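Results of the structural survey
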Amino acid sequence: MGSVVAGRLADELPGAEVAVVEPSADRRAALGRDPRLRVRESYRPEPGDTVVLAIPPAALDGFAAGLPVEAFRSATVVSVMAGVRLAALAARLGTPHVLRAMPNLAAEAGQSMTLLCPGPGARPEDLERAERVLSAIGAYLVVPDESLLDAGTALVGSGPALVAYLAKAFADFAVEAGFGPADALRMTCQVLRGTADLLAAGDGGPERLYRRAATPGGTTERGISCLADHRVQDALHEALARTAARSRELAG
Ligand SMILES: NC(=O)c1ccc[n+]([C@@H]2O[C@H](COP(=O)([O-])OP(=O)(O)OC[C@H]3O[C@@H](n4cnc5c(N)ncnc54)[C@H](OP(=O)(O)O)[C@@H]3O)[C@@H](O)[C@H]2O)c1
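Residues numbered from 1 in each chain as written. Predicted model: local features only at pLDDT ≥ 70, side-chain atom pairs only at ≥ 80, totals over all residues. Heavy atoms only, no water.

1. Some details on the overall build of the protein chain
- For the protein chain, the count of helices and strands is eleven helices and seven strands.
- Each principal axis of the C-alpha atoms in the protein chain carries an extent, and together these give about 70 × 40 × 30 Å.
- Considering the protein chain as a whole, with its 252 residues, one finds that 31% of them fall into the buried category.
- Within the protein chain, counting contacts between residues at least 6 apart in sequence, those at least 24 apart form 55% of the total. (Helix = DSSP H or I, 4+ residues; strand = E, 2+ residues; numbered from the N terminus. Buried < 20%, exposed > 50% of the residue type's maximum accessible area, 1.4 Å probe, protein only. Contact = heavy atoms within 4.5 Å.)

2. Digging into the UniProt feature "domain: Pyrroline-5-carboxylate reductase dimerisation" (unreviewed entry) in the protein chain
- In the numbering used here, UniProt assigns the feature "domain: Pyrroline-5-carboxylate reductase dimerisation" (unreviewed entry) to residues 146-250.
- The annotated region residues 146-250 carries 85% helix and 0% strand content, and the separation between its end C-alpha atoms amounts to 15 Å. (UniProt positions renumbered as here; feature names shortened; annotations may be inferred.)

3. Some words on the nonpolar core
- If you look at the biggest cluster of nonpolar residues, it comprises 22 residues, and the most contacted ones within it are Tyr43, Leu53, Leu60, Phe72, Leu89 and Leu93.
- Looking at this core, the elements that each hand over two or more residues are strand S3 (50-53), helix H3 (60-65), helix H4 (86-93), strand S5 (98-102), strand S6 (112-118) and helix H6 (148-157).
- The leading source of residues in this core is H4, at three residues.
- Look past the residues within four positions of Tyr43 in its chain and what remains in contact with it is Val21, Asp49, Val51, Leu67, Pro68, Ala71, Phe72 and Ala75. (Core = buried A, V, L, I, M, F, W, Y, C linked by side-chain atoms within 4.5 Å.)

4. Comments concerning the pairing of S3
- The alternating pattern of S3 places Val51 and Leu53 on a buried face, while none of Thr50 and Val52, on the opposite face, is buried.
- Two elements, S3 and strand S4 (residues 76-79), share four bridges in a ladder whose sense is parallel. Its bridge partner lying in S4, Val51 is registered against Val77.
- Handedness of the crossover joining S3 and S4 through H3: right-handed. (Pairing = 2+ DSSP bridges. Right-handed = clockwise from strand over helix to strand, strands pointing away.)

5. Notes on the site of the ligand
- In the neighbourhood of the ligand, 17 residues make up the surrounding shell, with Met1, Glu22, Ser24, Ile55 and Ala82 lying closest.
- Met1 has a polar backbone atom sitting 2.7 Å from an oxygen atom of the ligand.
- At a separation of 2.7 Å, an oxygen atom of the ligand approaches a polar side-chain atom of Glu22.
- With the chains in place, 68% of the 900 Å² that the ligand exposes on its own is no longer accessible.
- A per-class count over the shell around the ligand returns 14 nonpolar, one polar and two charged. (Near = heavy atom within 4 Å. Polar contact = N/O pair within 3.5 Å; in protein donor to acceptor, adjacent residues only side chain to side chain. Areas by Shrake-Rupley, 256 points an atom, 1.4 Å probe, with all protein chains shown as cover. Nonpolar A, V, L, I, M, F, W, Y, C, P; charged D, E, K, R; others polar.)

6. Comments concerning the environment of Pro35
- Its place among the elements puts Pro35 in the loop between helix H2 (25-31) and strand S2 (37-40).
- Taking the C-alpha atoms as reference points, Pro35 and Ala10, separated by 25 residues in sequence, lie 9.9 Å from one another.

7. Describing the sheet that holds S5
- The strand order S3-S4-S5-S6-S7 describes an open sheet built from five strands, whose pairing is mixed. Each edge of the sheet is formed by a strand with only one pairing partner; in this case those strands are S3 and strand S7 (138-142). Ignoring which end each strand starts from, the neighbouring axes of this sheet average 25° apart.
- Judged from the three bridges that link them, S4 and S5 form a sheet pairing that is parallel. Across the sheet, Val78 pairs through a bridge with Leu99, a residue of S5.
- Packed on one face of the sheet, H6 meets S5 and S6 and runs near 165° to S6. (Axes fitted to C-alpha atoms, helices over the stretch in contact; angles between N-to-C directions.)

As structure tokens, then:
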């Protein structure tokens, strides 16, 4: 996620100086091939930094222990770590200027849906800096209540994986029917994209769309009734609830 954000920042904010801190020599060598990035082994603070913390939650204590004193005094820290609460971030990093963000893998395509929650000590300029960084990877939504991030993590963080799980059935079906794998994937992607565009532009939400498409006695109605027989919406609801519960568990 860190290298995706760095690459998108270099693409979208050409004037910005983008530095990547990476402890692994192999990864540093790979990142160093991108002339737009400055690559470092450890963090060296510079005034007014916006720091995107994209390390595994289990690495936070080790990272914090290796920081210079008051490393983040003038910085804004945006953590994308799943399940690390704002209070824990502020305490471990020694700064109130922290925000939590929950992006997703669509950041690679500049299409993340990112949730952003400022900590109680974040200044207006911290929010502005975070918004500038996150707009390089897609859309964002500011969420004032941190407790919403667990459900949000299920929906936006895990969302692409859940949708891809469903998309596999579409693509597999097309291949079984005789389409080539590339055409099967192309059709699936365009159906997802078109449905998303219709929903975003439409006036009635998902239920109205699928009821509108399901003409009585027609083809779509038969498919929708099969999904209803299998209680697919209930299964998805449970999948999201369990994902959100895991996010709460990780936060302790
Ligand atoms: N992947 C997603 O879709 C997604 C979505 C939302 C949020 N997130 C969050 O993003 C974070 C990173 O996830 P990921 O999937 O990108 O994991 P990842 O591929 O394992 O990347 C973690 C990176 O952190 C580096 N790192 C580990 N310890 C470090 C330290 N002490 N100082 C500096 N860098 C350190 C790792 O370097 P080494 O290779 O040397 O260990 C690696 O480059 C996680 O907290 C996750 O919750 C991920």
